[in-house]
Amino acid sequence: MAFSRDFNKDPFIVIWELTRACQLKCLHCRAEAQYRRDLRELSFEEGKNLIDQIYEMNNPMLVFTGGDPLMREDVFDIAKYAVEKGVRVSMTPSATPNVTKEAIEKAKEVGLSRWAFSIDGPTADVHDHFRGTAGSFDLTMERIKYLHELEIPIQINTVISRYNINYLDEMAKMVEDLGCVLWSVFFLVPTGRGQESDMISPVEHEKVFRWLYVLSKRVSFDIKTTAAQHYRRVVIQQKMREAKEKTAEINYLSALTEQGLTGSIDGLGRAPKGVNDGNGFVFISHIGDVYPSGLLPVKAGNVREQPLAEIYRESPIFKSLRNPDEYKGKCGVCEFRHVCGGSRSRAYAMTGDYLESEPFCVYIPKALREKQEQ
């Protein structure tokens, strides 16, 4: 189903920020979460209407996020409505005392397909520092035991930053030991509370991508990257090296294009081509504002004023993000732009222009290399 999707019409994944309320104080928090709920949040009835609209867009995956979605008393009623409609729903709650055994049982009862917890270090010291809350690591580990008891698939989300880059081997072992189905690895974008000084360098990005590729071949869990579109380029290059491909990179990419880019581009078989901010991806805030992603704070509309499909399909912001030929700098001439495209949110955070080059990519496109040789 995912592979027949036209990203100009329908997203691959929809993220809905149910609330900005949260009890944690994470250093990198995109939402700059608050302790109390916003009175302007989409109501239960508005939420049902939004789910109807999402379903009509070729039924993409739906993720409830926050803040902490469990800060809404009606979260499981919303989830039940979506699941009964046939939507695949997962949730990323914060590891707080809200995650009771009863809450997890309720999630299983309504049919949530997966539960995602954030773990940003292999020890309490590293994780709790990043999450800004003492005891967060221990509470997360305890709740994961609940999930195993109830046989709910577990996803671990990790934000790669300068605080944990030296612990990645231990992190991978922990994800495996915890019996997780997916490790979702986020690369920090300096937005919200996230700071440029928290980020790893461009060269470190490249090293981590290569490490992830090698890791993906030997572990039992899947690996997915976020705000790391250039990981796809690394995977293609590594696979080409392994296969001792003699054809030029551009021929390889042409073949992929002719196949509709339906190959396992990122080694996961997940997204059929370069899902990026606004391209197969859409974010709805707690008050109904629509953004290309939660990390790209450029508002394209509001679901209280306009249908979601209309915003996604017709907004000039979304349309330009879906056209890699409009990208500037080296991203605009890169032979990998249709499968990678660079992080549009990081480009925006660092330059103020979401069409600018990915600032944390070390790759020099073939066109520029040839120009230099002339």
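Read on for an overview of the structure. Predicted model only: the values in this text are computed from it and were never measured.

Notes on the overall build of the protein chain
The helix and strand tally for the protein chain stands at 14 helices and 10 strands. Residues counted as buried form 58% of the 374 residues belonging to the protein chain. Sequence separation of at least 24 residues holds for 72% of the intrachain contacts in the protein chain that already meet a minimum separation of 6. Of the accessible surface of the protein chain, which amounts to about 16000 Å², a share of 49% is contributed by carbon and sulfur atoms.

Concerning the packing of aromatic side chains
Summed over all chains, the structure comprises 10 aromatic pairs. Taking 5.7 Å as the distance between ring centres and 85° as the angle between the ring planes, the aromatic pair formed by W16 and F64 counts as edge-to-face. On the criterion of sequence distance, the pair formed by W16 in strand β1 (residues 13-17) and F64 in strand β2 (residues 61-65) is long-range, its members being 48 residues apart. Residue W16 shares its accessibility class with F64, and that shared class is buried. Taken together, the ring pairs in this structure connect W183, W211 and F221 into an aromatic cluster. Stacked on the ring of Y327, the Lys or Arg R344 has its end atom at 4.2 Å from the ring centre.

Details of the environment of A124
Considering the arrangement of structural elements, one finds A124 in helix α4 (residues 124-131). Considered as a pair, A124 and A134 are 10 residues apart in the sequence and their alpha carbons are 8.1 Å apart. Ignoring sequence-local partners within four residues, the contact set of A124 consists of H129, F137 and D138.

Re helix α5 (residues 136-149)
In this model α5 runs 20 Å from its N-terminal to its C-terminal C-alpha over 14 residues, within 8% of the 20 Å that 1.5 Å per residue would give. Along α5, the residues classified as buried are S136, F137, L139, T140, M141, R143, I144, Y146 and L147. Its buried side turned inward, α5 meets α3 (101-110), β4 (114-118), α4, β5 (154-160) and α6 (168-177). Positive phi appears at E151, one or two residues downstream of α5, with a value of about 55°.

Some remarks on the packing of α6 against helix α7 (residues 202-216)
Closest axis-to-axis distance for the α6/α7 pair is 12 Å, and the angle between their directions is 30°. Judged by the angle between their axes, α6 and α7 are roughly parallel. Crossing of α6 against α7: the hand is right-handed. For the pair α6 and α7, the contacting residues are L168, D169 and A172 in the first and V208, W211 and L215 in the second.

Some points on the pairing of strand β8 (residues 281-284)
On β8, burial covers both faces: F281 and F283 on one face and V282 and I284 on the other are all buried. Here β1 runs beside β8; their pairing, made up of four bridges, is parallel. Looking across to β8, one finds that I13 is bridged to F281. From the end of β8 to the start of strand β9 (residues 289-291), which pair antiparallel, there are four residues, and G288 there has a positive phi angle of about 95°.

Criteria and thresholds
Along each chain, numbering runs from 1 in the same order as the chain's sequence is written. Under the rules for a predicted model, residues below a pLDDT of 70 receive no local features and side-chain atom pairs below 80 are neither given nor counted, while totals for whole chains, interfaces and linings still include all residues. Side-chain numbers here rest on the full set of heavy atoms in the structure, without hydrogens or water. By definition, any uninterrupted DSSP run of H or I lasting at least four residues is a helix, any uninterrupted run of E lasting at least two residues is a strand, and each is numbered from the N terminus. For each residue, the accessible area found with a 1.4 Å probe, counting protein chains only, is set against the maximum for its type, and the residue is called buried under 20%, exposed over 50%, and partly exposed in between. Here, residues are in contact when the closest pair of their heavy atoms is within 4.5 Å. Note on areas: Shrake-Rupley with a 1.4 Å probe; residue coverage comes only from the protein chains shown. Any pair of Phe, Tyr and Trp rings, taking the six-membered ring for Trp, is counted once the centres come within 6.5 Å. Such a pair is stacked with planes under 30 degrees apart, edge-to-face with planes over 60 apart, and tilted for the rest. Two conditions define a charge sitting above a ring: the NZ of Lys or the CZ of Arg must be within 6 Å of the ring centre, and it must be within 35 degrees of the ring normal. Under the convention used throughout, the expected extent of a helix is 1.5 Å for every residue step, that is, one less than its residue count. For helices, the axis comes from a line fit to the C-alpha atoms of the stretch in contact; other axes are also lines fit to C-alpha atoms, and the angle between any two N-to-C directions lies between 0 and 180 degrees. For classification, angles of less than 35 degrees are called roughly parallel, those exceeding 145 degrees roughly antiparallel, those between 65 and 115 degrees roughly perpendicular, and all remaining angles oblique. Crossings are classed by handedness, with left-handed meaning an anticlockwise turn of the near helix from the far one by less than a right angle and right-handed meaning a clockwise turn. Between any two strands, pairing holds if DSSP finds at least two bridges.

Function cannot be read off these values alone, since they describe shape.
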